[in-house]
Amino acid sequence: MIKRSAAPLYLFEYMFDIFPQLVVNSLIAGSIYALLAVSFNFIFSATRFFNLAHGSFAVIAAYAVFYFGRELGLPTFLAVGIGVLFAATSAILIDRFIFHPLKMRGGSPMILLVASLGVFTVINSIISMIFGSSFKTISNTIDKQYFELFGAAFTSVQLWIFILSLVVSIGFFIILEKTIFGKVVAAVSDDEEVSKIVGIDTDKVMAKVFFIGGGIAGLGGILAGFDTGVQPSLDMFFLLKAVIAAIIGGIGNPYGALLGAYLIGFLENFGIWVIPSEWKDTIAFVLLIVFLIFRPSGILKRK
Amino acid sequence: MDYIMHLSVLVGVYAILGLSLNLVVGYSGLLSLAHAAFYGVGAYGSAILMKDFGFSFLSAVVLSVLITMAVGVLIGLVLSKFDGDYYALASLGFSVIAFGVFLNWRDLTNGAFGIFGIPKPEIFGYKFLAGEPYAFLVLLAVIFTFLICYFVVNSSFGRVLKAIREDEKALQVFGYKTTLYKLAVFVISAGLAGFAGTLYGSYISFIDPGGFDDLVSVNLIVVVILGGLASLNGSLLGAAFFVLLPELLRFVGMPDSITGQMRQMIYGLGLIALMMYRPQGILGKFRL
């Protein structure tokens, strides 16, 4: 840890030395947050309520990889596929059996939010009961290679995180902008009633939204798991990063969520220049509250 | 018998937390997830005052409740800008920030190691040890809290609060400063949560940040909603149910290692079922 009372010149050199490493760390954190935030924002745009079980999808996927990859010894790419599928399927089921019926009963966004809190609690307890609440590593099935670029060290896993996150985000944006499905989702997000009247099967669209959103969140959870490991309590961590990134980026705007995610990644990592590193997790919340007070609509306007 | 007294103390602490949170969630309609922050400030406040500064129990309680209320003013001022789901998120943010402070302000809170050896209360030379004396003390505290909440709810102040919950705009038209009313009830609620914290810390004699994290806020919301929104008796019921459920599970032969998780699961399922069939909670009078 840096002592802030140290000579300024020394501090300056030190900052210069760790600058490339901080950039790399920020990009990796941002890539993980991006998947979580983009998918959270996607589901929020379509359903208009804060789904507090979003981080749980990510944790489900990471534990599926732990089980199929490490316990059963399936090849990594297969385990990742199963993990993503697990998250996507559980998201679809939760919508079908909990959120959808609640909406049919005319539940307000608050009721849905509280119900999602219930889902969050249930998933957390089930995972803790099956796997225990201690920390598990899932990456030791892969050989990690170490790279160095401009004095910043990173692993092959981290390179994968960056690339996969970028590819998935871009692919997702292309689907949103260029396909009929993207337009249908935009229509449902805009006005569910009118979409129904013009003949869109909104239930089916919602199911797809949850499937895709859950899957992308799942991938985020898996990548985070490969980087650091998994623990049931990560659900809150994932959820909060997703919510904060989506809100400060501009809720309802997919590019905003991406922007917000990388912004948090950079602020958390560069924050240690001025604040001791153990405050890293608190920084994002201070940022959220500052944004909620001064610019509640976020950086980018809703699309 | 000691065990029953132990459970009674815990029920009492949760009852105070539930009653005070119900003022904000049930009577004002604001889903606050910041309650664990105040609970923690109260617990840390009195523990530090008694251990490091040699305050007596009563003065430590009064002072740390005042500190908690001051923190409540600050947080409440920020939160007064929000309502609905944004209120829930922003207040959750404060829970996490408070946890960060308990964990990282090591000079004051001893970080993750927590504070050991918090003295038992001594009032006018009588030391309240664990068991019946402490249970009696907590019972008095619960009655005291209940009376405060009862008064708040049934006074003209409480009626204005309920009116704001139903239609804030209309009340503003009539010239009520609605923000001020919401802030006042938030600060009262915060102070009472801090009070619960002081009782808990002295009883368990050890506190660490994990006892006051965001999950505690979530659990308290469940206590309030399950028992019943805008019902003081409901909060007592919710608190009793929360503390006694793991014991009940143990009683039917469930292994100790999973009773905590089982409780979480039953709570989650209960919350979902309530939202479906009875969104105001068991004894509740107001639905979100």
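Definitions and limits used
- Residues numbered from 1 in each chain as written.
- Chains lettered and ligands numbered in written order.
- Predicted model: local features only at pLDDT ≥ 70, side-chain atom pairs only at ≥ 80, totals over all residues.
- Heavy atoms only, no water.
- Helix = DSSP H or I, 4+ residues; strand = E, 2+ residues; numbered from the N terminus.
- Rg over C-alpha atoms; globule rule 2.2 N^0.38 Å.
- Buried < 20%, exposed > 50% of the residue type's maximum accessible area, 1.4 Å probe, protein only.
- Contact = heavy atoms within 4.5 Å.
- Areas by Shrake-Rupley, 256 points an atom, 1.4 Å probe, with all protein chains shown as cover.
- Lys, Arg positive; Asp, Glu negative; His and termini not counted.
- Charge placed at Lys NZ, Arg CZ, Asp CG, Glu CD.
- Salt bridge = Lys/Arg side-chain N within 4 Å of Asp/Glu carboxyl O.
- Pairing = 2+ DSSP bridges.
- Buried area = accessible area lost by both parts, 1.4 Å probe.
- Polar contact = N/O pair within 3.5 Å; in protein donor to acceptor, adjacent residues only side chain to side chain.
- Nonpolar A, V, L, I, M, F, W, Y, C, P; charged D, E, K, R; others polar.
- Phe/Tyr/Trp six-rings, centres within 6.5 Å; stacked < 30°, edge-to-face > 60°.
- Expected span 1.5 Å × (residues − 1).
- Axes fitted to C-alpha atoms, helices over the stretch in contact; angles between N-to-C directions.
- Parallel < 35°, antiparallel > 145°, perpendicular 65-115°, else oblique.
- Left-handed = near helix turned anticlockwise from the far one by under 90°.

1. A short note on the overall build of chain B
Part 1: Counting its regular elements, chain B contains 12 helices and two strands.
Part 2: Secondary structure elements of chain B, listed N to C terminal, follow the sequence α-α-α-α-α-β-β-α-α-α-α-α-α-α.
Part 3: Here the C-alpha atoms of chain B give a radius of gyration of 18 Å, agreeing with the 19 Å that 2.2 N^0.38 yields for 288 residues.
Part 4: For chain B, the C-alpha atoms occupy an extent of roughly 55 × 45 × 35 Å along the three principal directions.
Part 5: By the burial criterion, 58% of the 288 residues in chain B qualify as buried.
Part 6: Within chain B, contacts between residues at least 6 apart in sequence are counted, and of these 76% link residues at least 24 apart.
Part 7: Within the structure as shown, chain B displays about 11700 Å² of accessible surface, and the carbon and sulfur contribution to it stands at 69%.
Part 8: Put simply, chain B has 16 plus and 15 minus side-chain charges, and the middle of one group is 9 Å from the middle of the other.

2. Considering the pattern of salt bridges
All names here are of chain A.
Part 1: Considering all chains together, one arrives at four salt bridges over all chains under this definition.
Part 2: In this structure, Lys241 and Glu268 form a salt bridge, with 2.9 Å as the shortest nitrogen-oxygen distance. Here Lys241, found in helix α9 (residues 234-249), pairs with Glu268, found in helix α10 (residues 254-270); they are 27 residues apart in sequence, far enough to count as distant. Across this residue pair, the class does not change: Lys241 and Glu268 are buried.

3. A few points about the environment of Ile272 of chain B
Part 1: Summarising the element assignment, Ile272 of chain B is placed in helix α12 (residues 256-277).
Part 2: With near-sequence residues (within four places) excluded, Ile272 of chain B lies in contact with Ile98, Ala115, Gly118, Val119 and Val122 of chain A.

4. Considering the pairing of strand β1 (residues 146-149) of chain A
All names here are of chain A.
Part 1: Here four bridges tie β1 to strand β2 (residues 152-155), and the two strands are oriented antiparallel to one another. Within β2, the position partnered with Leu149 by the bridge is Ala152.
Part 2: The antiparallel pairing of β1 with β2 creates a hairpin that spans two residues between the two strands, and Phe150 there sits at a positive phi of about 50°.

5. Describing unusual backbone geometry
Only a minority of non-glycine residues have a phi that is not negative, and only a minority of peptide bonds are not trans.
Part 1: A positive phi angle, close to 65°, is found at Arg48 of chain A, a residue other than glycine.
Part 2: Positioned with a positive phi, Ala230 of chain B is a non-glycine residue whose angle comes to about 60°.
Part 3: Take Ala230 of chain B: it is sitting in the loop between α10 (214-227) and α11 (232-251).
Part 4: Among the residues examined, Ala230 of chain B registers a relative accessible area of 5% and is labelled buried.

6. Thoughts on the interface of chain A and chain B
The extent of an interface is frequently quoted as the accessible surface area lost upon association of the parts.
Part 1: Listed as interface residues are 38 residues of chain A and, on the opposing side, 40 residues of chain B.
Part 2: Together chain A and chain B conceal approximately 3600 Å² of surface at their shared face, both sides included; 82% is due to carbon and sulfur atoms.
Part 3: Taken together, the connections running from chain A to chain B amount to zero salt bridges.
Part 4: Our count for the contact surface shared by chain A and chain B stands at one residue pair in polar contact (both at pLDDT 80 or more).
Part 5: Considering each element in turn, the side of chain A that touches chain B owes the most residues, 16 residues, to helix α4 (residues 109-131) of chain A.
Part 6: When the residues that make up the side of chain A that touches chain B are grouped by side-chain class, the tally is 30 nonpolar, six polar and two charged.

7. Comments concerning the side chain of Ser116 of chain A
Part 1: Here Ser116 of chain A shows up in helix α4.
Part 2: Not counting residues up to four positions away in its chain, the partners in contact with Ser116 of chain A are Phe49, Phe50, Asn51, Leu52, Ala53 and Phe99 of chain A.

8. Let's talk about the packing of aromatic side chains
Each aromatic ring pair is described using two quantities: the centre-to-centre distance and the angle formed by the ring planes.
Part 1: Counting across every chain of the model gives 33 aromatic pairs over all chains.
Part 2: Ring centres of Tyr67 of chain A and Phe68 of chain A lie 5.2 Å apart, and the angle between their planes is 85°; this geometry places the pair in the edge-to-face category.
Part 3: Since its relative accessible area comes to 16%, Phe68 of chain A is described here as buried.
Part 4: Taken together, a centroid distance of 5.8 Å and an interplanar angle of 50° make the contact between Tyr39 of chain B and Tyr200 of chain B tilted. Of this pair, Tyr39 of chain B sits in helix α2 (residues 35-53) while Tyr200 of chain B sits in helix α9 (residues 178-204), and the two are 161 residues apart along the sequence.
Part 5: Given a relative accessible area of 2%, Tyr39 of chain B falls into the buried group.
Part 6: Through pairs of rings, three or more aromatic residues link up here, namely Tyr39, Tyr44, Phe102, Tyr200 and Phe212 of chain B.

9. Re α12 of chain B
Part 1: An ideal rise of 1.5 Å per residue puts 32 Å on 22 residues; α12 of chain B measures up with 31 Å between its terminal C-alpha atoms.
Part 2: If you check which residues of α12 of chain B are buried, you get Thr259, Met262, Arg263, Gln264, Met265, Tyr267, Gly268, Leu271, Ile272, Leu274, Met275 and Met276 of chain B.
Part 3: Those residues of α12 of chain B that are buried are in contact with α3 (76-104) and α4 of chain A together with α10 and α11 of chain B.

10. Re the environment of Asp85 of chain B
Part 1: Relative to the assigned elements, Asp85 of chain B resides in helix α4 (residues 84-104).
Part 2: The spacing of Asp85 of chain B and Leu31 of chain B is 54 residues in sequence and 7.7 Å in space, taken between C-alpha atoms.
Part 3: For Asp85 of chain B, the contacting residues outside a window of four places in its chain are Phe50, Pro109, Met110 and Leu113 of chain A.

11. Describing the packing of helix α5 (residues 156-178) of chain A against α10 of chain A
Residue and element names in this part refer to chain A.
Part 1: The contact between α5 and α10 brings their axes to 11 Å, and the two run at 165°. Of the possible angle classes, the one that applies to α5 and α10 is roughly antiparallel. For the element pair α5 and α10, the recorded crossing hand is left-handed. Between α5 and α10, the contacting residues are Phe162, Ser165, Leu166, Ser169, Phe173, Leu176 and Glu177 on the first element and Pro254, Tyr255, Leu258 and Tyr262 on the second.
Part 2: Across the contact of α5 with α10, the residue classes break down as eight nonpolar, two polar and one charged.

Purely spatial values, then, with no claim about function.
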